[in-house]
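# Architecture and fold: a report
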Amino acid sequence: MKQLINSGGHIRQQLLAGLTYTYNDSLNWQPKTGIVTKKRLPDNKVILLSGGGCGHEPAHIGYIGENMLDCAVMGAIFEPPASSEILQAIEETYNGHGTLLIIKNFEKDVANFLEAEKQAKAKGLLVSHVIVDDDCSIESGTFEKRRRGVAGTVLVHKMLGAAATEGKSLNDLQVLGETLIPSIKTLGVAFSPASPIGLIPQQYELAEDEMYFGIGIHGEPGYRIEKMQSSERIAIELVNKLKQQYPKEALTQVAVLVNGLGGIPLLELGIFMNDVQQLLDIEDIEVGFKHMGNFLTAYNTHGLSLTLLTIKEKKWLEYLNTPTDAFGWK
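Throughout what follows, the structure given in this document is the object of discussion. Predicted model only: the values in this text are computed from it and were never measured.

The next subject is helix H1 (residues 11-22). Owing to its 3.6 residues per turn, the α-helix brings residues three or four apart onto one side. Taking 1.5 Å per residue as the helical rise, H1 with its twelve residues ought to reach 16 Å, and the 17 Å between its terminal C-alpha atoms agrees with that figure. Buried residues of H1: Arg 12, Leu 16, Leu 19 and Thr 20, and no others. Burial along H1 is one-sided: seen end-on, the buried residues are contained in an arc of 90°. Buried residues belonging to H1 abut strand S1 (27-29), strand S2 (35-38), strand S3 (47-54), strand S4 (71-77) and helix H2 (83-93).

Below, the structure written as structure tokens:
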């Protein structure tokens, strides 16, 4: 695959420089680091901080904005930021109201963010966290759920961001996050693998007429390869598998997120969204909120993921619909 990158590495620095130059009215980047913050950091609310590897654009700096994140710390391609940079970000954005870390459930991400939290607490700072584990794909050959943090993380950014602006305390935000996260479920499918970039190799092969259910956002293999099917058939597979994750009585009203993985046209996402809508309508499942686009990608993967969030409180819909200027949400 042809790639528009420069030789000699430094992908993270060049990417962050380009994005923050484009959105310099709202974002501030500390060169030589992966730390990006709001141009004007708030002094009257809990700070929301997230992050992860590059290659998932617009995540995570695309969710810095009013009623979303205040800071994101980016690592190298598909690698979390170092704990030292996360700690630096916590300290430099701290305003006395506390900091909530939103962490995707990958071993390195969890280890680095929790180490930074531990060090920040040792310095007397108020810091807490939630861990997003919305992926309900299974390990190939077993029935063990992977529970990775994937596209549902963006919904957590949105809802907790709106709640933080509302004035909720650090403890209240943590409790809200821990209530929301079990209600969020995601499954993905790829029609071609993530392209190799930098030091990251391609992890699986697909023939022209094949697709892979349950793939990961770092190009990880999924749980079943099949011959390519229609959008409608794929929607049936994903909707049915996601429905099985909930008690039937919980599926009265949902939020729907159709997420492109970086290499899929909007035309195909739109067709898929239409198929999902028709299936949910047949089941008498009300869709209270829907969003479609590239939100948490897997570097040029031709594929998509479907996320459902069961709505337990009217307030959750208010949080989802609260306006934001974060460029990745639009």
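Glancing now at the pattern of salt bridges. Counted according to the given criterion, the structure contains 16 salt bridges. Between Lys 315 and Glu 166 there is a salt bridge, with the nearest N and O atoms lying 2.6 Å from each other. Of this pair, Lys 315 sits in helix H8 (residues 314-321) while Glu 166 is found in the loop between helix H4 (152-165) and helix H5 (170-180), placing the two residues 149 residues apart along the sequence. As a salt-bridge pair, Lys 227 and Asp 209 come within 3.0 Å of each other at their nearest N and O atoms. A residue pair is termed long-range when its members are at least 10 positions apart, and Lys 227 in strand S9 (residues 224-227) and Asp 209 in the loop between strand S7 (184-192) and strand S8 (210-213) qualify at 18 residues. On the accessibility criterion, Asp 209 (37% relative accessible area) is partly exposed. Salt bridges here are not isolated pairs; linked through shared partners, they connect Lys 38, Lys 45, Glu 66 and Asp 70.

In this sheet, strand S11 (residues 286-293) lies alongside strand S10 (residues 253-260) in parallel orientation, the contact comprising seven bridges. Paired with Val 256 across the bridge in S11 is Lys 290. For the handedness criterion, the β-α-β arrangement of S10, helix H7 (residues 266-282) and S11 is classed as right-handed.

Structurally, Lys 243 can be placed in helix H6 (residues 231-243). Sequence-distant contacts of Lys 243, defined by excluding residues within four places in its chain, comprise Leu 251 and Glu 283.

Attention now moves to the sheet that holds strand S12 (residues 302-310). With mixed pairing, the six strands of this open sheet are ordered in space as S9-S8-S7-S12-S10-S11. At either end of the open sheet lies a strand with only one pairing partner, and these are S9 and S11. For this sheet, the mean angle separating the axes of adjacent strands, direction not counted, is 20°. The pairing of S8 with S9 spans four bridges and is antiparallel. Counted as the bridge partner of Tyr 212 is Ile 225 from S9. Set on the sheet, H6 makes contact with S7, S8, S9 and S12; between it and S7 the angle comes to about 155°.

Definitions and cut-offs
- Residues numbered from 1 in each chain as written.
- Predicted model: local features only at pLDDT ≥ 70, side-chain atom pairs only at ≥ 80, totals over all residues.
- Heavy atoms only, no water.
- Helix = DSSP H or I, 4+ residues; strand = E, 2+ residues; numbered from the N terminus.
- Expected span 1.5 Å × (residues − 1).
- Buried < 20%, exposed > 50% of the residue type's maximum accessible area, 1.4 Å probe, protein only.
- Arc of directions from axis to C-beta.
- Contact = heavy atoms within 4.5 Å.
- Salt bridge = Lys/Arg side-chain N within 4 Å of Asp/Glu carboxyl O.
- Pairing = 2+ DSSP bridges.
- Right-handed = clockwise from strand over helix to strand, strands pointing away.
- Axes fitted to C-alpha atoms, helices over the stretch in contact; angles between N-to-C directions.

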